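One-letter residues, chain by chain:
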Amino acid sequence: MNRDNEVRQLNKLSIQEVKAKAGDHLLVLRNPNDIYHFLAENIVSMIEKNNRENKVTAGIFPVGPIGQYPYFIDMVNTKKILLVNTFFFFMDEYADINGVEIPSDHHLSFRGQLYKMFKKISKDLLPDYTKIIFPLSENIYNLSKMIGEVNLGATYGGVGVHGHIAFNEPEKGVRNTDPRVVQLNDFTVTINAIRDNIGGNLENFPRKALTLGMNQLFSAEKMIFSCRNGIANLDWANTVLRLAILGDPGDDYPVTYLKEHKDWMIVTDEDT
């Protein structure tokens, strides 16, 4: 595989050619809000179906993107959807140089962002907080077993500029990985320092993270990922989107392995 040439060829494809080649694996919506609403409805539908059948719901979820959660919370509160039998496994969390998660009150903490949003859910609908699970230094080596003990309905997530899903960065053998501490590459650190409202502070941006592995992500019945630019006047996602959908699977862009799953989809907007 010559990735340079492949990227050149993929970027020559017209929008209609990309759509035709992708088929049902690509859903193009009008704008980001439509993406977030679609994701929220999909999550709600999965939970409602399992609730009707008295089944436990379990899924893997991102904090990035997060635009789906306000819609999700509104649907849960309006429709009074019980979440007491739902396990929320979240993908990742930033870590310090020792591989220990950053405090939840840190500006960049995924836990902190999620907890603030979930506080808006009616207390009588919320699950026990032991069912809202982030990779932490205390549980990182137990997560594989915990996830293996439930029927994982779906993995939702976003796509990084270098093709990472969760924080599975490009590395040899990345497709066969489990929960662990990872080193963030310079591409990830740079673009996240630009878009995370810290003024491009590269010096103090976390260089490590705790993440679920690809084995856990791929163990779900379906995988739904979103990929969009999301930053005004910064077209960063166009190439990785085309690689994710049509590129040859390879460790250099982990998202390219999505096409090896039996049920996968990428959602984007017309601009991206």
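Reference entry: report on the structure contained in this document. (Residues numbered from 1 in each chain as written. Predicted model: local features only at pLDDT ≥ 70, side-chain atom pairs only at ≥ 80, totals over all residues. Heavy atoms only, no water.)

Turning our eyes to something else, we now look at the overall build of the protein chain. Looking only at helices and strands, the protein chain features nine helices and 10 strands. Since a compact globule built from 272 residues should have a radius of gyration of about 19 Å, the 18 Å found for the protein chain is in line with a globular shape. Dimensions of the protein chain, computed from the C-alpha atoms along their principal axes, are close to 55 × 40 × 35 Å. Every one of the 272 residues in the protein chain was classed for burial, and the buried ones make up 52%. As displayed, the protein chain has an accessible area near 12900 Å², and 49% of this comes from carbon and sulfur atoms. Taking the average location of the 29 positive side-chain charges in the protein chain and that of its 34 negative ones, the two points are 3 Å from each other. (Helix = DSSP H or I, 4+ residues; strand = E, 2+ residues; numbered from the N terminus. Rg over C-alpha atoms; globule rule 2.2 N^0.38 Å. Buried < 20%, exposed > 50% of the residue type's maximum accessible area, 1.4 Å probe, protein only. Areas by Shrake-Rupley, 256 points an atom, 1.4 Å probe, with all protein chains shown as cover. Lys, Arg positive; Asp, Glu negative; His and termini not counted. Charge placed at Lys NZ, Arg CZ, Asp CG, Glu CD.)

It is worth spelling out the sheet that holds strand β8 (residues 208-211) at this point. Picture the strands of a sheet paired through backbone hydrogen bonds; they go either parallel or antiparallel. Judged by pairing direction, the sheet is antiparallel, and its three strands sit side by side in the order β4-β8-β7 without closing on themselves. Each edge of the open sheet is held by one strand with a lone partner, namely β4 (92-95) and β7 (180-183). Between one strand axis and the next, the sheet turns through 30° on average, direction left out of account. Bridge count for β7 against β8 is four bridges, and the pairing is antiparallel. The partner of Q183 across the bridge, within β8, is K208. (Pairing = 2+ DSSP bridges. Axes fitted to C-alpha atoms, helices over the stretch in contact; angles between N-to-C directions.)

With parallel pairing, the seven strands of this open sheet are ordered in space as β1-β10-β9-β6-β2-β3-β5. Edge strands, defined here as strands with exactly one partner in the open sheet, are β1 (26-29) and β5 (132-133). Of the pairings in the sheet, the one linking strand β2 (residues 57-61) to strand β3 (residues 86-90) comprises five bridges and is parallel in character. Of the residues in β3, the one forming a bridge with F61 is F90. Across the sheet, helix α9 (residues 238-246) is in contact with β1 and β10 (264-269); its angle to β10 comes to roughly 155°. (Contact = heavy atoms within 4.5 Å.)

What follows concerns unusual backbone geometry. Cis geometry marks the peptide bond from G64 to P65, where omega comes out at 5°. Positionally, P65 belongs in the loop between β2 and α4 (68-79). Although it is not a glycine, N197 sits at a positive phi angle of roughly 60°.

Between side chains of opposite charge, a pair can form as their charged atoms come close. One pass over the structure, following the stated rule, counts 10 salt bridges. Two residues, R207 and D186, come together in a salt bridge whose shortest N-O distance is 3.3 Å. Remark: D186 occurs in helix α7 (residues 186-195) and R207 occurs in the loop between α7 and β8; sequence separation between them is 21 residues. In the salt-bridge network here, residues are joined through shared partners; they are R3, E6 and D252. (Salt bridge = Lys/Arg side-chain N within 4 Å of Asp/Glu carboxyl O.)

Shape is all these values report; function is a separate question.
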